[in-house]
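# Coordinates in review
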There are 2 protein chains.
Amino acid sequence: MAYTEHDNVASGVVIPLRTSDRDVEWREFARSTRVKYQRLEQHSVVFYEGDKADRVFEVIEGAVMLFKLLPDGRRQVVDVLGPEDVFGLPRGRDYDCNAETLSRTTLRVFDRRDAENRTEVQGHLARCLTAQVEKLHDHAVLLGRKSAFERVASFLFRCVPACQQLDCLGDQRTGGESVIVLNMTRQEIADYLGLTIETVSRVISEFKRKGLILLEKQDRIRINNLCGICRLTGTH
Amino acid sequence: MAYTEHDNVASGVVIPLRTSDRDVEWREFARSTRVKYQRLEQHSVVFYEGDKADRVFEVIEGAVMLFKLLPDGRRQVVDVLGPEDVFGLPRGRDYDCNAETLSRTTLRVFDRRDAENRTEVQGHLARCLTAQVEKLHDHAVLLGRKSAFERVASFLFRCVPACQQLDCLGDQRTGGESVIVLNMTRQEIADYLGLTIETVSRVISEFKRKGLILLEKQDRIRINNLCGICRLTGTH
DNA sequence: CGCGCCCTTGACCAGACTCAATATTAGTGG
DNA sequence: CCACTAATATTGAGTCTGGTCAAGGGCGCG
């Protein structure tokens, strides 16, 4: 239990609830059950594939990536989770993938049996899972059918807070602009998009050359032309 | 509502329940609510992406594929569903993908509001969705990180009834054998595996040449060496 | 200032795609 | 039952996208 040492918020501590946290039952549940909070540094392991799945997690703040490894070391990041996302619910006894933080992260930790036995929170879980299934459907399209350019453009586009799942909303003439923070290394992006680190780098450089983006820092990108990126995603 | 004409089993008709249908609440729900049954021929459309999502479906018998299309016509099959799988639960108002039968199929049809309002069935839905998420994780690894050979081998291996999610269980010397029915055209397989029809065909021919498999019909394949195929999946 | 870690860039290579021709299968009607 | 047709699958040749391998650059940190 590698994370016990990080448990620095005792149960009972009040965390302000956002209004977007709509599910009343889930809120009640979080208050009533034995719940812990974990603060984790960047690149901390939450659990490994194959670990006994006795805890369920909810991202309060920060970001977590889920990934799987093939025996020869190839890695695929299967999901990137943010606030309000729930993870750590496998079908069987063990976790089906690895979970690692991408940035400094706060998690809410439940006992798995609590989450599974309380009928009043199943609805919330079902809705979370539904959202995840939709995201995975989109990602399957990206991995199965999109070119390297389209993959990176899609990735950048989805990092734009206002464009999470909307269409391009930038000004049609200027193209609209936005600054995004990736919180992922090139390697993590590559493993998420099913590419190599070199290909990701080349595509980003090409976008830069075309004036679509500008690298303020390596993981901090200014998008100068949202519409331009959006058009390259292949989706619109 | 293209499928209304196929509704040929009125509510109240008793359909034998299998013992694997473990969720008592779900069974009760299926009995108590206004539920219909649909018999569909091969390659019938259940719904289109963007249709108003007012119905939830459960596969009773047969197989259904879910797929998405890009504006230029590229297609990705995001999931292939069998008996007991539930589909048609989007986050928003509309279905996020298209659903089509792969073979002659019987579906149970629920009203979406019924499924969402009944707290007693949310647990069942959460479990179904959990299983789907795990399957989608595996598929992301396949699409993002596996070679054409590994993809086709993985696909064939997962079509073996006894190997659904088990390891290879064939005799180590002979390799074990099994006959599988694909119920999918080469095009559908290609769109599921993120390949082209030609690549799928070439890989299958290569497996045939190596004596690993034997085509009894185009969609009926005898696997002569289960272990051999299993070893080529990249997963073990 | 220098070390180490990422990231970028270039040259080359290979696996999968494209386009085109042919073969096979399934379905239809005589 | 067989001939004919349309749909599907296979095979080949050539191309191209993205991977591999290797060298160099930039940035943060001690």
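No experiment lies behind these values; they were computed from the predicted model shown.

What follows deals with the protein's contact with DNA strand C. Taken together, 19 residues are adjacent to DNA strand C, and Ser201, Ser205 and Gln218 of chain A together with Ala148 and Thr199 of chain B come closest. The sugar-phosphate backbone supplies 70% of the atoms of DNA strand C found within 4 Å of the protein. Here Arg202 of chain A contributes a side-chain N or O atom positioned 3.0 Å from a base nitrogen of DNA strand C. Within the backbone of Ala148 of chain B, a nitrogen or oxygen atom sits 2.7 Å from a phosphate oxygen of DNA strand C. Only helix H5 (186-193) and helix H6 (197-209) of chain A together with helix H6 (197-209) of chain B provide two or more residues apiece to the surface near DNA strand C. Considering each element in turn, the surface near DNA strand C owes the most residues, four residues, to H6 of chain A. Residues belonging to the surface near DNA strand C are distributed by class as follows: three nonpolar, ten polar and six charged.

For the rest of this paragraph, the subject is the interface of chain A and chain B. In this complex, chain A contributes 43 residues to the contact, which on the side of chain B involves 43 residues. Taking both partners together, chain A and chain B bury about 3,800 Å²; carbon and sulfur atoms supply 58% of that area. Counting across the chain A and chain B interface gives eight salt bridges. Asp191 of chain A is paired through a salt bridge with Arg145 of chain B; the nearest N and O atoms lie 2.8 Å apart. At the boundary of chain A with chain B, the tally comes to 18 residue pairs in polar contact (both at pLDDT 80 or more). Of all elements in the fold, only strand S4 (64-69), strand S5 (75-81), helix H3 (119-145) and H5 of chain A reach the threshold of two or more residues within the side of chain A that touches chain B. A per-class count over the side of chain A that touches chain B returns 17 nonpolar, 15 polar and eleven charged.

For the rest of this paragraph, the subject is the sheet that holds strand S6 (residues 86-87) of chain B. Spatial ordering of the open sheet is given by S1-S8-S3-S6 (chain B), a layout of four strands whose pairing is antiparallel. Edge positions in the sheet fall to strand S1 (36-40) and S6 of chain B, since each has one partner strand and no second.

On to H6 of chain B, then. All names here are of chain B. When the terminal C-alpha atoms of H6 are compared, their 18 Å separation across 13 residues agrees well with the 18 Å that a helix rising 1.5 Å per residue should span. Of all the positions in H6, only Val200, Val203, Ile204 and Phe207 are classed as buried. Seen end-on, H6 carries its buried residues on one side only, within an arc spanning 100°. Turned more than 90 degrees off the buried face of H6, the exposed positions are Arg202 and Arg209. Buried-residue contacts for H6 involve helix H4 (148-159), helix H5 (186-193), strand S10 (213-217) and helix H7 (226-232). Taken from the residues just after H6, Gly211 is the one with a positive phi, measuring 80°.

Residues and elements named next belong to chain A. Sheet architecture is open: four strands sit in the order S1-S8-S3-S6, paired in antiparallel fashion. Whereas interior strands pair on both sides, the edge strands pair on one side only; in this sheet they are strand S1 (36-40) and strand S6 (86-87). In terms of strand pairing, S1 meets strand S8 (residues 105-111) through five bridges, oriented antiparallel. Note that in S8 the partner of Tyr37 across the bridge is Arg108.

Averaged over all residues, the pLDDT of chain A is 87; the fraction at 70 or higher stands at 85%. Scored below 50 in pLDDT, residues 1-14 of chain A makes 15 contacts in the model with residues more than four places away or belonging to other chains.

Taken together, 17 residues are adjacent to DNA strand D, and Thr199 of chain A together with Arg186, Ser201, Ser205 and Gln218 of chain B come closest. Near the protein, within 4 Å, the atoms of DNA strand D are sugar or phosphate in 66% of cases. Contacts to DNA strand D include Arg202 of chain A, whose side-chain N or O atom sits 2.8 Å from a base oxygen. Elements with a contribution of two residues or more to the surface near DNA strand D: H6 of chain A together with H5 and H6 of chain B. Counting residues per element, the surface near DNA strand D draws most heavily on H6 of chain B, at four residues. Its residues placed into classes, the surface near DNA strand D shows three nonpolar, nine polar and five charged.

With that out of the way, let us pick up the pairing of strand S3 (residues 55-61) of chain A. Residues and elements named next belong to chain A. Burial runs high along S3: six of the seven residues are buried. In this sheet, S8 lies alongside S3 in antiparallel orientation, the contact comprising six bridges. Along S8, the bridge assignment pairs Phe57 with Val109. Note: S3 against S6, two bridges, orientation antiparallel. The residue bridging Glu58 from the neighbouring strand is Val86, located in S6.

Note on the identical chains: chain A maps onto chain B by a rotation of 180° and an axial translation of 0.0 Å, with an RMSD of 0.0 Å. These values place the two chain copies in the arrangement generated by a two-fold rotation axis. Across chain A, the smallest distance between a C-alpha and the rotation axis is recorded for Ala126 of chain A, namely 2.3 Å. Of the residues that chain A buries at the interface, 100% are likewise interface residues in chain B, meaning the two copies contact each other through the same surface.

Reading the values: the criteria
- Residues numbered from 1 in each chain as written.
- Chains lettered and ligands numbered in written order.
- Predicted model: local features only at pLDDT ≥ 70, side-chain atom pairs only at ≥ 80, totals over all residues.
- Heavy atoms only, no water.
- Near = heavy atom within 4 Å.
- Polar contact = N/O pair within 3.5 Å; in protein donor to acceptor, adjacent residues only side chain to side chain.
- Helix = DSSP H or I, 4+ residues; strand = E, 2+ residues; numbered from the N terminus.
- Nonpolar A, V, L, I, M, F, W, Y, C, P; charged D, E, K, R; others polar.
- Contact = heavy atoms within 4.5 Å.
- Buried area = accessible area lost by both parts, 1.4 Å probe.
- Salt bridge = Lys/Arg side-chain N within 4 Å of Asp/Glu carboxyl O.
- Pairing = 2+ DSSP bridges.
- Expected span 1.5 Å × (residues − 1).
- Buried < 20%, exposed > 50% of the residue type's maximum accessible area, 1.4 Å probe, protein only.
- Arc of directions from axis to C-beta.
- pLDDT = per-residue confidence, 0-100.
- Least-squares fit on C-alpha atoms with pLDDT ≥ 70 in both.

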